Amino acid sequence: MSLLAALLVRSPLCVLLGGSRAWRGRGLVSELWARSRRVGEPGRPGRLHAAGITCLARLGRPLLGAQCRLTSGTAGPDPNTEPGGREPATKRLKDLYENPWTIPNLLSMTRIGLSPVLGYLIVGEDFNIALGIFALAGLTDLLDGYIARNWANQKSALGSALDPLADKILISVLYVCLTYASLIPVPLTVMIILRDIALIAAVFYVRFKTLTPPRTVSRYFNPCYATARLEPTFISKMNTAVQLILVAASLAAPVFNFVDSVYLQALWCITAFTTAASAYSYYRYGQETVKILNK
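For every chain, the first residue of the written sequence is number 1, and numbering continues from 1 onward in sequence order. Totals for whole chains, interfaces and linings use every residue, but because this is a predicted model, local features are given only for residues with pLDDT of at least 70 and side-chain atom pairs only at 80 or more, for both listing and counting. The side-chain numbers reported here are obtained from all heavy atoms of the structure, hydrogens and water having been left aside.

K.L.:
Where do I start with the overall build of the protein in this structure?
P.N.:
Runs of E in the DSSP output that reach at least two residues are strands. Runs of H or I that reach at least four are helices, and both are numbered from the N terminus. A tally of regular secondary structure across the protein gives 11 helices and two strands. Along the protein, helices and strands appear, N-terminal first, in the series α-α-α-α-α-α-α-α-α-β-α-α-β. Here's how the labels work: a residue is buried when its accessible area is under 20% of the maximum for its type, exposed when over 50%, partly exposed in between, all with a 1.4 Å probe on protein chains only. Per-residue burial for the protein yields a buried fraction of 36% across its 295 residues. The contact criterion used is simple: two residues touch if any of their non-hydrogen atoms lie within 4.5 Å. Long-range pairs, those at least 24 residues apart, make up 69% of the contacts in the protein between residues at least 6 apart in sequence. Here, Shrake-Rupley sampling with a 1.4 Å probe gives the accessible areas, and only protein chains in the shown set may cover a residue. Accessible surface, the protein: about 17700 Å² in total, of which carbon and sulfur atoms supply 67%.

K.L.:
Just checking my understanding: could you explain the UniProt feature "transmembrane region" (unreviewed entry) in the protein for this structure?
P.N.:
UniProt positions are given in the numbering used here, feature names are shortened, and annotations may be inferred rather than shown by experiment. Within the UniProt annotation, "transmembrane region" (unreviewed entry) is assigned to residues 127-148, 169-186, 238-256 and 262-283. Along residues 127-148, the helical share is 100% and the strand share 0%, with 32 Å between the first and last C-alpha atoms. The span residues 262-283 carries 100% helix and 0% strand; its end-to-end C-alpha distance comes to 32 Å.

K.L.:
Before we go on, may I ask you to explain the nonpolar core in this structure?
P.N.:
Nonpolar side chains in soluble globular proteins tend to be buried together. For this analysis, a nonpolar core means a set of buried residues of the types Ala, Val, Leu, Ile, Met, Phe, Trp, Tyr and Cys, connected via side-chain atoms within 4.5 Å. If you look at the biggest cluster of nonpolar residues, it comprises 27 residues, and the most contacted ones within it are I122, Y175 and L251. Mapped by element, the contributors of at least two residues to this core are α5 (103-123), α6 (127-150), α7 (157-180), α8 (186-210), α10 (234-256) and α11 (262-285). The residues contacting Y175, other than those within four sequence positions of it, are I184, L188, T189, I192, Q243, L246, V247 and T271.

K.L.:
What should I look at first to understand α11 in this one?
P.N.:
Here a helix's expected span is defined as the number of its residues, less one, multiplied by 1.5 Å. Helix length check: α11, at 24 residues, gives a terminal C-alpha distance of 34 Å against a target of 34 Å (1.5 Å per residue), a fit within 8%. Those residues of α11 not exposed but buried are L264, L267, T271, T274, T275, S278, S281 and Y282. Contacts from the buried residues of α11 go to α7, α8 and α10. Polar contacts, as used here, are pairs of N or O atoms within 3.5 Å; protein pairs need one atom able to donate a hydrogen and one able to accept it. Residues neighboring in sequence count only if both atoms are side-chain atoms. Backbone nitrogen of Y263 and a side-chain oxygen of the N-cap are separated by 3.2 Å at the start of α11; the cap is S261.

K.L.:
Teacher, can you tell me more about the packing of α7 against α8 here?
P.N.:
Helix-helix packing: each pair is described by the crossing angle between the helix axes and the interaxial distance. Two elements in contact, α7 and α8, have axes separated by 10 Å at closest approach and are oriented at 155 degrees. Between α7 and α8, the crossing angle belongs to the class labelled roughly antiparallel. Our pair here, α7 against α8, has a crossing hand that is left-handed. Across the interface between the two elements, L165, K168, I171, S172, Y175, V176 and T179 of α7 pack against V186, L188, T189, I192, I193, R195, D196, L199 and I200 of α8. Fitted lines through C-alpha atoms serve as axes, helices being fitted only where they are in contact, and the angles separating the N-to-C directions of these axes extend from 0 to 180 degrees. Angles are sorted into four bins: roughly parallel if under 35 degrees, roughly antiparallel if over 145, roughly perpendicular if 65 to 115, and oblique for all others. Handedness of a crossing is defined here by the sense of rotation of the near helix relative to the far one, left-handed for an anticlockwise turn of less than a right angle and right-handed for a clockwise turn.

K.L.:
What's the story with a nonpolar patch on the surface in this structure? I'm lost.
P.N.:
On the surface, a cluster of nonpolar side chains totalling about 370 Å² of accessible area is made up of V186, V190, L194 and I197. On the secondary structure map, V190 appears in helix α8. Here a patch means residues that are over 30% exposed by relative accessible area and free of salt bridges, tied together within 9 Å if like-charged and within 5 Å if nonpolar (Val, Leu, Ile, Met, Phe, Trp, Tyr). Any Lys or Arg side-chain nitrogen located within 4 Å of an Asp or Glu carboxyl oxygen qualifies as a salt bridge.

K.L.:
Explain the environment of T189 here, please?
P.N.:
Of note, T189 is situated in helix α8. A relative accessible area of 6% means that T189 is categorised as buried. For the pair T189 and T179, spaced 10 residues apart in sequence, the C-alpha separation works out to 7.2 Å. In this structure the side chain of T189 is engaged in a polar contact, spanning 2.4 Å, whose partner is the side chain of T179.

K.L.:
I'm lost on the layout of surface pockets in this one. Help?
P.N.:
Where empty space is left in the structure can be found by rolling a water-sized probe over the atoms. A 1.4 Å probe that fits into a set of points on a 1 Å grid over the protein atoms alone but cannot get out defines a cavity; an open set with protein on both sides within 12 Å along at least five of seven lines defines a pocket, and lining residues are those with an atom within 4 Å of a point. Grid points are joined across faces, edges and corners, and a volume is the space filled by probe spheres set on the points. As a volume, the largest pocket reaches approximately 1200 Å³. Along its surface, the largest pocket is lined by 43 residues, and A161, V203, F204, R207 and L230 are the ones closest to its centre. Listed by contribution, the elements that provide at least two residues to the lining of the largest pocket are α7, α8, β1 (228-230), α11 and β2 (290-292). When residues in the lining of the largest pocket are grouped by element, the largest group, 12 residues, is from α8. The residue classification treats Ala, Val, Leu, Ile, Met, Phe, Trp, Tyr, Cys and Pro as nonpolar and Asp, Glu, Lys and Arg as charged. All others, Gly included, are polar. Residues belonging to the lining of the largest pocket are distributed by class as follows: 30 nonpolar, seven polar and six charged. The volume enclosed by the second largest pocket comes to roughly 850 Å³. Taken together, 29 residues line the second largest pocket, and the ones lying closest to its centre are G145, R149, D163, P232 and K237. Listing elements by their share of the lining of the second largest pocket, those giving two or more residues are α5, α6, α7 and α10.

Written as structure tokens, this is what we have:
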């Protein structure tokens, strides 16, 4: 108790009477050391020496840090910052987290959910209902883009990947099923499927490369953690529109009896051209379509 009282009394004097910051640090340590050797039973130096070391370890370090901050006139380094005044890495990474439950993302997931329903109806040759559900899926595509462009809080990095992914899933399912129903030629469907597989593989590769270590499965598939924003090329947007127009025309062909129309066949050629041009645009300008968020 006498040692603790002496420290509490003497420490402010060290702050007031010291010279430089370095001298004050040595003064406090030496004061603690001297007190530890003078207080106690005179015949037990070993025991008193251990008590002094314990006191120095428990009180000397925090008192020394507080002394240096007080006497220098400025606060010490903030433990919540890194050297250079930057925010800690954990806080910077938290800033990349976002809410995945936005309206555009829900609309995109709705479009993905409608894909197998449309495929089932097409295989069953129920083209009237399939045409109506396809119109609903197209409406969700228009709405999610409109909402994301006009409301900043509804735009997300996840949505930039989820929207084209939903389109590709819908288009792939529809083209496969329409080819099965002999409404779209096989070579065109193969071209579209291969392009979509390549783009989806590229998206997974970009996700892997932009994910900061540790690259665990849970972090990789965490939709809240945003690492990159994808911007499709102009020709790719045009290609998606042409592909959807061909799907709508193919679904309407058996309903309105123009399956063998020359205009439908011309649309096949246009779709093949835009699909090839879109694939080349991603090959040529692929890096410009990816914006890294966690450099």
